[in-house]
Amino acid sequence: MIGRALDIGSGRGRNSLYLAQAGWHVVSLEPSIRRLRYASNRAGDLREDIDSVLGIGERLPVKDSTFQLVLCNHVLESLPVDTAGQVVQEIYRVVKPGGYLFVETAASDNGYAAGDINGIAGRFHLYAEDEFVEMMSGFELIEMLHLRLVKPKSTPPSAQWIYLGRKSALA
Ligand SMILES: C[S@@+](CC[C@H](N)C(=O)[O-])C[C@H]1O[C@@H](n2cnc3c(N)ncnc32)[C@H](O)[C@@H]1O
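Note that the coordinates shown come from a computational prediction; the quantities given were computed from them, not determined experimentally.

**Student:** Account for the site of the ligand, with residues named and values stated.
**Tutor:** Around the ligand, the structure places 18 residues, and the nearest of them are Gly 9, Gly 11, Ile 56, Gly 57 and Asn 73. When the residues that make up the shell around the ligand are grouped by side-chain class, the tally is five nonpolar, nine polar and four charged.

Have a look at this one:
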């Protein structure tokens, strides 16, 4: 086992399974029981073991400083900004000093204004760089990428932030 990893908003478990297959002990946290079961069944089919937890990222039912890695992949953009901020605070609480955080979320880009946009208002929040950086400011930045999707027919969000950070080893 490499270490303990928490996958927040794990959905159907594709990233949880990837991490489990790579040797992590994975806790999958997800508010949809249907998706949690799907992931658990898929893990069984692949003879992998993941811990399934029904819950939400803004109130993680786990102890402080228990994970070497926390993943939060395309969850924050579907939450109100305040709630997304609570999720990031919870991640800070549960990741070990020196542990890592990986986040992907929808980004604003030149084609759209930051924030909620027409057509998907209330469904997604597209993060401008300064607000995303501010939200992640408790962590030490390792790498942050802005990825723009170029598929002509892709529906918004059309761009995303990919963020790798670390909780200070001195925290
Ligand atoms: C777009 S899916 C991403 C799933 C997975 N992370 C992936 O990359 O395949 C977003 C997931 O976040 C979950 N979700 C919604 N609100 C949440 C919350 N407050 N805390 C944690 N997960 C949440 C949804 O149920 C959904 O499974």
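The discussion continues.
**Student:** Give a detailed account of the sheet that holds strand S5 (residues 95–106), specifying residues and quantitative values.
**Tutor:** Read across the sheet, seven strands follow the order S3-S2-S1-S4-S5-S7-S6 without closing on themselves; strand pairing throughout is mixed. Edge positions in the sheet fall to strand S3 (50–54) and strand S6 (140–148), since each has one partner strand and no second. Strand after strand, the sheet turns through a mean of 15° between neighbouring axes, direction not considered. Note: strand S1 (residues 4–8) against strand S2 (residues 25–30), five bridges, orientation parallel.

**Student:** Could you give an account of the environment of Ser 168, with specific residues and numbers?
**Tutor:** Among the secondary structure elements, Ser 168 is positioned in the segment after strand S7 (159–166). For the pair formed by Ser 168 and Tyr 100, sequence separation is 68 residues and the distance between their alpha carbons is 9.4 Å. Residue contacts for Ser 168: discarding those within four places in its chain leaves Pro 97 and Glu 140.

Rules behind the numbers
Residues numbered from 1 in each chain as written. Predicted model: local features only at pLDDT ≥ 70, side-chain atom pairs only at ≥ 80, totals over all residues. Near = placed C-beta within 6 Å. Nonpolar A, V, L, I, M, F, W, Y, C, P; charged D, E, K, R; others polar. Pairing = 2+ DSSP bridges. Helix = DSSP H or I, 4+ residues; strand = E, 2+ residues; numbered from the N terminus. Axes fitted to C-alpha atoms, helices over the stretch in contact; angles between N-to-C directions. Contact = placed C-beta atoms within 7 Å.

It is worth stressing that arrangement in space is one thing and function is another; only the former is reported here.
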